[in-house]
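# Summary of the model geometry
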Amino acid sequence: MSWIESIQKAINFMEDHLLEDITIEQIAQEVNSSVFHFQRTFAILTDMSIADYLRRRRLTLAAQELIGTEQKIIDLAYKYGYETPEAFTKAFRKQHHITPSEARKKQGPLQSYNRLVIQVSLKGAEPMKYKIVEKEKFQIVGVKRTYNCQDGENTREIPLFWQEVNQSGFDHQLYQLNNGNINGVLGVCVPNTNQGQKGFIDYWIATDHVGEVGEDLLTMEVPASKWVVFEVHGPMPDAMQNTWKQIYSEWFPSNPYEPAGTAELEVYPEEDAYSPDSYSEIWIPIK
């Protein structure tokens, strides 16, 4: 089974168990995938977290039942996983912009999220520049934070992390410390296995550094790997996000490699990443 078939099988599993309290571990296990790789790929391809998808689909089905049956609102709340009618009403209003009672009276439009079908583009209309490199282990130094990927915290909070680092001038300090083989400041996404449950990542803003560092900085060893390195041209964040999508929707399906599931890098060689002519890279360990 290819990785894209695995993603679709996982979506089918979620759809078959929408009314159950399923976890990301169960979903990833269904397709023999790591939690880290599954949630990363899902978010890149769909622009939403797994929790977002499950919530949107449940509320879509709940709305259909509201207008098509006589079931009590309190019963629908419990059926779709809400502990109280108040919690159900709050979530329902957030998605549909009307209350369940208003929906039953057909007092406004509803917002429907349909079942996902992953479609892969193999047209290759936009050329991708990449290279395969072997690299020995290396040390990164910088700062890190831990995020929950199951509820989309990483998507919301990582841009704020970068904003904080840039405004404080810490990124300039990292450029000065950069004396390793990878040129620039790095955004490094690593699976976190120390939270007691899966679905967390450590996100580093760091640089490749050889030597000792002060006590105010953290260090991590990135293991020796085979990497696919993609060029990214254009201002952030759009150029980076578009390249991630192209990698997973075009490059991986048409090449004999899989992500290794270890640390993934975004590399910013230039300090002005928002320039129209800026250049950056994406490094993905492969197997």
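Below: a short report on this structure. (Residues numbered from 1 in each chain as written. Predicted model: local features only at pLDDT ≥ 70, side-chain atom pairs only at ≥ 80, totals over all residues. Heavy atoms only, no water.)

### A look at the overall build of the protein
Our working rule: What counts as a helix is a DSSP run of H or I of at least four residues, what counts as a strand is a run of E of at least two, and both are numbered from the N terminus. Each residue's exposure class comes from its accessible area (1.4 Å probe, protein chains only) as a fraction of the maximum for that residue type: buried when under 20%, exposed when over 50%, partly exposed otherwise. When checking whether two residues touch, look at their non-hydrogen atoms; a contact exists if any pair is within 4.5 Å. Counted charges follow a simple rule, with Lys and Arg positive, Asp and Glu negative, and His plus the chain ends left uncounted. Note that the charge is assigned to NZ on lysines, CZ on arginines, CG on aspartates and CD on glutamates.
Secondary structure summary: the protein contains 10 helices and eight strands in total. Per-residue burial for the protein yields a buried fraction of 47% across its 287 residues. The contacts of the protein with a sequence gap of at least 6 include a subset with a gap of at least 24, amounting to 72%. Taken as two groups, the 27 positive and 40 negative side-chain charges of the protein have centres that lie 9 Å from each other.

### Some words on the pairing of strand 2 (residues 138-148)
This is how it is decided: DSSP bridges decide pairing: two strands pair if at least two such bridges lie between them.
Pairing geometry for strand 2 and strand 5 (residues 218-222), over five bridges, is antiparallel. Residue pairing across strands places V141 opposite T219, the latter belonging to strand 5. Pairing geometry for strand 2 and strand 4 (residues 200-208), over nine bridges, is antiparallel. Note on strand 4: the bridge partner recorded for Y147 is I201.

### Considerations on the side chain of N154
Mapped onto the secondary structure, N154 falls in helix 8 (residues 153-168). On the accessibility criterion, N154 (13% relative accessible area) is buried. Excluding its chain neighbours within four sequence positions, the residues that come into contact with N154 are Y147, N148, C149, P159 and I201.

### Observations concerning the packing of aromatic side chains
Note the threshold: The pairing test for Phe, Tyr and Trp rings, Trp by its six-membered ring, is centres within 6.5 Å, and the orientation test on the planes gives stacked under 30 degrees, edge-to-face over 60, and tilted for anything in between.
Counted under the stated rule, the structure contains 15 aromatic pairs. Measuring from centroid to centroid gives 5.7 Å for F88 and F92, while their planes differ by 55 degrees, and the two rings are tilted. Placement of the pair is F88 and F92 together in helix 6 (residues 85-96), with a separation of four residues, close to one helical turn. Taking relative accessible area as the criterion, F88 reaches 0% and is therefore assigned buried.

### Structural notes on the pairing of strand 7 (residues 264-268)
Counting buried positions along strand 7 yields five of five residues, so the element is predominantly enclosed. Pairing of strand 3 (residues 185-192) with strand 7, which is carried by five bridges, proceeds in the antiparallel orientation. When the bridges of strand 7 are listed, V188 appears paired with L265. Bridge count for strand 7 against strand 8 (residues 279-286) is three bridges, and the pairing is antiparallel. Considered in strand 8, the bridge of E266 is made with I282.

### What about unusual backbone geometry?
Between M236 and the following residue, P237, the backbone shows a cis peptide bond with an omega angle of 0 degrees. Notably, H97 is not glycine yet its phi reads approximately 70 degrees, a positive angle. Inspection of the secondary structure puts H97 in the loop between helix 6 and helix 7 (100-104). The phi torsion at K106 lies on the positive side, around 55 degrees, for a residue other than glycine. By the secondary structure assignment, K106 is in the loop between helix 7 and strand 1 (130-135).

### Re helix 9 (residues 170-177)
Formally: Arc definition: it is the arc formed by the directions from the helix axis to the C-beta atoms.
Turning to helix 9, its buried residues number three or more, namely F170, D171, L174 and Y175. Seen from one end, helix 9 has its buried residues packed into an arc of 150 degrees, which puts them on one side. Structurally, helix 9 contributes buried residues whose contacts are with strand 2, helix 8, strand 3, strand 4 and strand 7.

### Some points on the packing of helix 3 (residues 35-46) against helix 10 (residues 238-251)
Note the following rule: Between the N-to-C directions of two axes lies an angle of 0 to 180 degrees, each axis being a line fitted to C-alpha atoms and, for a helix, fitted only over the stretch in contact. Here roughly perpendicular refers to angles of 65 to 115 degrees, roughly parallel to angles under 35, roughly antiparallel to angles over 145, and oblique to all remaining angles. Left-handed describes a crossing whose near helix is turned anticlockwise from the far helix by less than a right angle; the clockwise case is right-handed.
Orientation of helix 3 relative to helix 10, taken along the N-to-C sense of each, is 110 degrees, at an axis distance of 9 Å. The angle between helix 3 and helix 10 falls in the class roughly perpendicular. Between helix 3 and helix 10 lies a crossing whose hand is left-handed. Contacts between helix 3 and helix 10 involve H37, R40, T41, I44, L45 and T46 on the former and, on the latter, W244, K245, Y248 and S249.

### Quick look at the sheet that holds strand 1
Here eight strands make up an open sheet; going across it, the order is 1-6-8-7-3-4-2-5 and the pairing antiparallel. The two strands at the open ends of the sheet, each matched to only one other strand, are strand 1 and strand 5. Taking each pair of neighbouring strands and ignoring which way they run, the sheet shows an average axis angle of 30 degrees.

### Observations regarding the environment of S278
Applicable threshold: The definition of a polar contact used here is a pair of N or O atoms within 3.5 Å, where within protein one atom must be able to donate a hydrogen and the other to accept one, and adjacent residues in sequence count solely through side-chain atom pairs.
Mapped onto the fold, S278 is located in the loop between strand 7 and strand 8. Judged by relative accessible area, S278 falls into the buried class, the value being 1%. Sequence spacing of S278 and G234 is 44 residues, and the spatial spacing of their C-alpha atoms is 5.2 Å. At 2.7 Å, the side chain of S278 and the backbone oxygen of G234 are in polar contact.

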